[in-house]
Amino acid sequence: MEVKTANFVGSFTNISQCPPPDRPEYAFIGRSNVGKSSLINMITNHSGLAKVSSTPGKTQSINHFLINQKWFLVDLPGYGYAKSSKTQREKWQQMLRQYLNRRDNLQCVFVLIDSRISPQKSDLEFINWLGEMHISFVLVFTKTDNRKYKPQNIEVFKKALLETWDDVPRIFITSSVKRSGKDDILQFIDETNQIFHVPE
Ligand code: GTP
Ligand code: MG
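Throughout what follows, the structure given in this document is the object of discussion. (Residues numbered from 1 in each chain as written. Chains lettered and ligands numbered in written order. Predicted model: local features only at pLDDT ≥ 70, side-chain atom pairs only at ≥ 80, totals over all residues. Heavy atoms only, no water.)

1. Some words on the overall build of the protein chain
Point 1. If you tally the helices and strands in the protein chain, you get five helices and seven strands.
Point 2. Start at the N end of the protein chain and walk to the C end: the helices and strands fall as β-β-α-β-β-α-β-α-β-α-β-α.
Point 3. What you see for the protein chain is a C-alpha radius of gyration of 16 Å, in line with the 16 Å of a compact globule of 200 residues.
Point 4. For the protein chain, the C-alpha atoms occupy an extent of roughly 40 × 40 × 35 Å along the three principal directions.
Point 5. Counting over 200 residues, the protein chain shows a buried share of 48%.
Point 6. Excluding contacts between residues fewer than 6 apart, the proportion of contacts in the protein chain whose partners are at least 24 apart in sequence is 75%.
Point 7. When the accessible surface of the protein chain is summed, it comes to about 10,400 Å², and 47% of that surface belongs to carbon and sulfur atoms.
Point 8. Here the protein chain carries 26 positive and 20 negative side-chain charges, and the mean point of each set is 10 Å from the other. (Helix = DSSP H or I, 4+ residues; strand = E, 2+ residues; numbered from the N terminus. Rg over C-alpha atoms; globule rule 2.2 N^0.38 Å. Buried < 20%, exposed > 50% of the residue type's maximum accessible area, 1.4 Å probe, protein only. Contact = heavy atoms within 4.5 Å. Areas by Shrake-Rupley, 256 points an atom, 1.4 Å probe, with all protein chains shown as cover. Lys, Arg positive; Asp, Glu negative; His and termini not counted. Charge placed at Lys NZ, Arg CZ, Asp CG, Glu CD.)

Next up, the structure:
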């Protein structure tokens, strides 16, 4: 699939404000600074579409982008950002949980994982929560251009998952700097779009 158009729809803090759930939707989530906004810009070929920052906690609301007039891409705030206040973190968490649980057209959540580091408790906990809620997800390893990245890190992550799961989900290996992983993600979205039915 080629991305021909990518338009910012709006930033929302509540599911009731989100656009009508009449098209397939894909949300990008992960710890603060993992590279969600950068990946969105890379796969859409629009460098300024989602706001990128080296300061964690940049994205603070639910941001909808309409791609090819056909599907929504959603940039979410990072979880586990230690420097924000406890009240702020709880507010985001509540917003994220409500969105992930109740957004009817959400086809798949892309959980971004930093490929440079060992499995983090917050990632494993979040993935287990998605499982408990029966929310579909895939994993995306980010920043594989970095010298700290080793393919073995991905094997270690899989092993950590297999301690609680029978299977590992689909995995994408990406770098927004090298622009790698884009075609695989877009093909997966294209295939998933084909089986979308407007929720009743
Ligand atoms: P929040 O919105 O704050 O949660 O962050 P985010 O997950 O959206 O991350 P963002 O895309 O803003 O990127 C965070 C930092 O990581 C920025 O300094 C990016 O330039 C850098 N970064 C993102 N993707 C890559 C990548 O593939 N490789 C490298 N080396 N750096 C990256
Ligand atoms: Mg962001």
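Continuing now.
2. Thoughts on helix 2 (residues 86-102)
Point 1. Taking 1.5 Å per residue as the helical rise, helix 2 with its 17 residues ought to reach 24 Å, and the 24 Å between its terminal C-alpha atoms agrees with that figure.
Point 2. Along helix 2, the residues classified as buried are W92, M95, L96, Y99 and L100. Seen end-on, helix 2 carries its buried residues on one side only, within an arc spanning 125°. Among the exposed residues of helix 2, those oriented more than 90 degrees off its buried face are K86, T87, K91, Q94 and R102.
Point 3. Summarising the contacts, the buried residues of helix 2 are in contact with strand 1 (6-12), strand 2 (25-30), strand 3 (62-67), strand 4 (71-75), strand 5 (106-114) and helix 3 (121-132). (Expected span 1.5 Å × (residues − 1). Arc of directions from axis to C-beta.)

3. Quick notes on the site of ligand 1
Point 1. Around ligand 1 sit 21 residues, and of these K36, S38, G57, D145 and S176 come closest.
Point 2. Residue G35 places a main-chain N or O atom 3.0 Å away from an oxygen atom belonging to ligand 1.
Point 3. At 3.0 Å, a side-chain N or O of K143 approaches an oxygen atom of ligand 1.
Point 4. The protein chains hide 85% of the 660 Å² of surface that ligand 1 would expose on its own.
Point 5. Looking at the shell around ligand 1 residue by residue, the class counts come to four nonpolar, 13 polar and four charged. (Near = heavy atom within 4 Å. Polar contact = N/O pair within 3.5 Å; in protein donor to acceptor, adjacent residues only side chain to side chain. Nonpolar A, V, L, I, M, F, W, Y, C, P; charged D, E, K, R; others polar.)

4. Description of the packing of helix 3 against helix 4 (residues 151-161)
Point 1. Interhelical geometry of helix 3 versus helix 4 gives an angle of 50° and a closest axis separation of 11 Å. For the element pair helix 3 / helix 4, the angle class is oblique. Crossing of helix 3 over helix 4 shows right-handed handedness. Here D123, L124 and I127 of helix 3 lie close against helix 4, whose contacting residues are F157, A160 and L161.
Point 2. Looking at the contact of helix 3 with helix 4 residue by residue, the classes come out as five nonpolar, no polar and one charged. (Axes fitted to C-alpha atoms, helices over the stretch in contact; angles between N-to-C directions. Parallel < 35°, antiparallel > 145°, perpendicular 65-115°, else oblique. Left-handed = near helix turned anticlockwise from the far one by under 90°.)

Note that all results are geometric; they support no functional claim without further evidence.
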